[in-house]
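Survey of secondary and tertiary structure
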Amino acid sequence: MRSIVLATAAWVAMGSQGCGSVALGVGGSQGGVGIGVALPVARTEIHLLADRINRHRVTIGCRALAWDNRLAIVARRHSEDMARRHFFSHTNPEGRDPFDRLDRAGIQYRAAAENLAQGRTRGRDTYDDWIESSAHRRNLENCEYTHFGIGLYDRNWTLLLVRYVR
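Reading the values: the criteria
- Residues numbered from 1 in each chain as written.
- Predicted model: local features only at pLDDT ≥ 70, side-chain atom pairs only at ≥ 80, totals over all residues.
- Heavy atoms only, no water.
- Core = buried A, V, L, I, M, F, W, Y, C linked by side-chain atoms within 4.5 Å.
- Buried < 20%, exposed > 50% of the residue type's maximum accessible area, 1.4 Å probe, protein only.
- Helix = DSSP H or I, 4+ residues; strand = E, 2+ residues; numbered from the N terminus.
- Contact = heavy atoms within 4.5 Å.
- Disulfide = S-S within 2.5 Å.
- Salt bridge = Lys/Arg side-chain N within 4 Å of Asp/Glu carboxyl O.
- 1 Å grid on protein atoms, 1.4 Å probe; cavity = no way out; pocket = protein on both sides within 12 Å on 5 of 7 lines; lining within 4 Å.
- Points joined across faces, edges and corners; volume = space filled by probe spheres on them.
- Phe/Tyr/Trp six-rings, centres within 6.5 Å; stacked < 30°, edge-to-face > 60°.
- Polar contact = N/O pair within 3.5 Å; in protein donor to acceptor, adjacent residues only side chain to side chain.

1. Some words on the nonpolar core
Ranked by size, the top nonpolar core spans 19 residues in total, and within it Leu 49, Ile 53, Trp 130, Phe 148, Ile 150, Leu 159 and Leu 161 carry the most contacts. Mapped by element, the contributors of at least two residues to this core are helix H1 (45–59), strand E4 (111–118), helix H4 (123–132), strand E5 (147–153) and strand E6 (156–163). Ile 53 has contacts with Leu 65, Tyr 127, Trp 130, Leu 140, Phe 148, Ile 150 and Leu 159, leaving out every residue within four places of it along the chain. One finds Phe 99, Tyr 109, Ala 112 and Val 162 within the second-largest nonpolar core, a separate group that totals eleven residues.

Shown next, in the form of structure tokens:
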């Protein structure tokens, strides 16, 4: 029996500044990454998950999310923290939540959400789990979000979605 754990948070908070980042493009038969994207050239599970999320968003009428390395770093740190300290939650043992982590990283936003998953090795499977969960799906399909970053460490996935203030 497989052990898969999911969590979600659709919190909205106030922020005051935008960011400069590049878009993760989706298209073509290869599902490739657009020019100027700050992701490594090699296809990774994170790339595959990002592509799936953006393909789905475009299909339902939302814009593709722009990749933001700062969000990916915050997400990766949370995934690593969960793995190393053996917890699975949006709130770490010190009581810091996604908004605290974004604030500490100097990321200012108007709205934010976080999806978590644990136990999967493939982005495809993580996507399938999230799309089958109403709360996770709601975050993925919220057209208000404009930027995202994904962190993966030892089968702990963190997805951060934000909308920056203009």
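2. Things to note about the state of the cysteines
The final tally for this structure, using the stated rule, is one disulfide. Here Cys 62 is linked by a disulfide to Cys 143, with a sulfur-sulfur distance of 1.7 Å. Handedness of the Cys 62-Cys 143 disulfide follows from its S-S torsion of about -75°: it is left-handed. Of this pair, Cys 62 sits in the loop between H1 and strand E3 (66–67) while Cys 143 sits in the loop between helix H5 (134–140) and E5, and the two are 81 residues apart along the sequence. Judged by relative accessible area, which is 6%, Cys 62 ranks as buried.

3. Description of the pattern of salt bridges
Scanning all chains against the criterion turns up ten salt bridges. As a salt-bridge pair, Arg 70 and Asp 68 come within 3.7 Å of each other at their nearest N and O atoms. Here Arg 70 falls in the partly exposed class, since its relative accessible area comes to 33%. Here Arg 137 and Glu 141 are joined by a salt bridge, their closest N and O atoms 2.8 Å apart. Among the ionic contacts, a cluster of salt bridges with common partners joins Arg 120, Arg 122, Asp 125 and Asp 129.

4. What about the layout of surface pockets?
Approximately 190 Å³ is the volume found for the largest pocket. What lines the largest pocket is simply Val 74, Arg 77, His 78, Asp 81, Asn 92, Arg 96, Arg 101, Arg 104 and Ala 105. Every element with two or more residues in the lining of the largest pocket is listed here: helix H2 (69–85) and helix H3 (98–104). Looking at the lining of the largest pocket, the element that brings in the most residues is H2, giving four residues.

5. Thoughts on the packing of aromatic side chains
Considering all chains together, one arrives at two aromatic pairs under this definition. Seen from their ring centres, Trp 67 and Phe 148 are 5.4 Å apart, and the 80° between their planes marks the pair as edge-to-face. With a gap of 81 residues between them, Trp 67 in strand E3 and Phe 148 in strand E5 connect regions that are remote in the sequence. Phe 148 carries the same exposure label as Trp 67, and that label is buried. Here Phe 99 and Tyr 109 contribute two aromatic rings whose centre-to-centre distance is 6.0 Å and whose plane-to-plane angle is 25°, an arrangement assigned as stacked. Of this pair, Phe 99 sits in helix H3 while Tyr 109 sits in the loop between H3 and E4, and the two are ten residues apart along the sequence.

6. Re the side chain of Glu 114
Within the element layout of this structure, Glu 114 appears in strand E4. A polar contact of 2.5 Å, which involves the side chain of Glu 114, links it to the side chain of His 90. A distance of 3.0 Å separates a polar atom in the side chain of Glu 114 from a polar atom in the side chain of Arg 101.

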